[in-house]
Amino acid sequence: MEKSISRRDFLKKSVAAGAAAAAVGACAKRPETPVEAGEMTYRKCGEDNVSLLGYGCMRWPFTKDSEGNEVVDQEKVNELVDHAIENGVNYFDTAPVYCRGFSETATGIALRRHPRDSYFIATKMSAYGRDLGDRQYEASIEMYHNSFKALGVDTIDYYLLHSVGGGGMERLHKRLLDIGLLDFFLAEREAGRIRHLGFSFHGDQAVFDYLLSIHDRVHWDFVQIQMNYADWRHASGRNVDAEYLYGELQKRGIPAVIMEPLLGGRLANLPDPLLSRLKTLRPDDSAASWSFRFLGSYPGVMCCLSGMVYMEHLRDNLKTFSPLVPINDNERAMLEEIATILLEYPQVNCTNCQYCMPCPYGVDIPGIFAHYNKCITEGTVATDSQSPSYRKARRAFLIGYDRSVPRLRQAAHCIGCNQCLPHCPQSIQIPKELRRIDRYVEKLKRGTL
Ligand code: SF4
Ligand code: SF4
């Protein structure tokens, strides 16, 4: 299935075949071919040569416009997209709900400056996640048509039912199967407006198993799963071990697109003792590169999505994937050890997906968890006021908290309404965790730890 080709070859051979008719169940295994230094690694999906590194467009950079409103920084997005395409990335994954609803438009603007046959667009039907009552079907179809307009395209290369699994079989029936939405998308694939149809999965394993059980009829072209070396055997919350998910896809020859390859950034910011173990083996490699090499070593992985907000992240990832060097058995064993040790760190498993946002009371849920996790990683969470590092740690935590989360958006403002709870694909007990962090902050402030 793996194949690395030169950029010129890629442009000649690849893509899209324009508005080609749907390649039903077309993504089959291909033999591996040797890779060349400096060239992106590609995987086959039907006629498509898909770059193993895919651009996750859920976290484009924002800036302020002349009236002080927060808007997507289109200039930066264009720069990032140009550099990615120039270096062989051709898979761009967006959704109507990303970047507060602006991602599809911003991604479309940046991509339309390039030939249509030089990139693949993946987007999603996100209305499935919301209960829209009687308007469920119409609202979903409207969202689908809006994606074409926002992206400025006639065909969508990879279309996903977004985040199925949350809410279990009941939600799947109510918002997808019983109202005929899946049949609508199958007809759209038949008509060629969708080239490949798949779903992204978070949550209830019964839903995953059911959707694969209808593969003979539906012919999923690809499936997006949460996979990284920590979730391989130690998935938390409602998530299912990636080893199982990947294995089931492999049995049916369905290519996997990978989300959360870095577990919301946690695997890119490992605690120092764990990072030094990796550095001993490959001093020049980033922590993130290990997770990507782990993923790329599985031949059924078609594409690893990474939400690269900064050019430095894009450059580092390009280095990892051009070409991808698979991990060996010793390295795999070490990553499994690190995954086990990570379980002991009391971090919150937030992946910064933002699905819980906005909180009606203004709480910056992912921002609070990100600061807390960062302090744990850096060892600046004080546990005892008698410890010699207490004063330093206390200061670092409190000053960093005010800097990264405005006071009005801090954990103290959570009223425990639970509205965010059902939206979290990681099943984090958000209000409970916020209360825990807030109690800790109060103790630090009062010096009563
Ligand atoms: S429980 Fe707290 S964080 Fe969640 S929506 Fe309500 S106020 Fe916001
Ligand atoms: S708390 Fe859950 S829903 Fe919110 S950003 Fe984190 S992982 Fe996503």
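Remember, predicted model here, so these are calculated numbers, not experimental data. (Residues numbered from 1 in each chain as written. Chains lettered and ligands numbered in written order. Predicted model: local features only at pLDDT ≥ 70, side-chain atom pairs only at ≥ 80, totals over all residues. Heavy atoms only, no water.)

## Points about the domain arrangement of the protein chain
Split by domain assignment, the protein chain resolves into domain 1 (2–342) and domain 2 (365–446). The C-alpha centroid of domain 2 is placed 30 Å from the C-alpha centroid of domain 1. Taken together, the 10 residues of domain 1 in the interface contact 7 residues of domain 2. The junction of domain 1 with domain 2 conceals about 700 Å² of combined surface from both sides, 39% of it contributed by carbon and sulfur atoms. There are 0 salt bridges connecting domain 1 and domain 2. Taken together, the connections running from domain 1 to domain 2 amount to 2 residue pairs in polar contact (both at pLDDT 80 or more). Looking at the side of domain 1 that touches domain 2 residue by residue, the class counts come to 2 nonpolar, 5 polar and 3 charged. (Domains from an automatic or database assignment. Contact = heavy atoms within 4.5 Å. Buried area = accessible area lost by both parts, 1.4 Å probe. Salt bridge = Lys/Arg side-chain N within 4 Å of Asp/Glu carboxyl O. Polar contact = N/O pair within 3.5 Å; in protein donor to acceptor, adjacent residues only side chain to side chain. Nonpolar A, V, L, I, M, F, W, Y, C, P; charged D, E, K, R; others polar.)

## Some thoughts on the pairing of strand β4 (residues 53–56)
The side-chain alternation of β4 yields two buried faces, one formed by Leu53 and Tyr55 and the other by Gly54 and Gly56. Judged from the 3 bridges that link them, β4 and strand β13 (residues 301–306) form a sheet pairing that is parallel. The residue bridging leucine 53 from the neighbouring strand is cysteine 304, located in β13. Here 2 bridges tie β4 to strand β7 (residues 91–93), and the two strands are oriented parallel to one another. Residue glycine 56 lies in a different strand from β7, and its bridge partner there is aspartate 93. (Buried < 20%, exposed > 50% of the residue type's maximum accessible area, 1.4 Å probe, protein only. Helix = DSSP H or I, 4+ residues; strand = E, 2+ residues; numbered from the N terminus. Pairing = 2+ DSSP bridges.)

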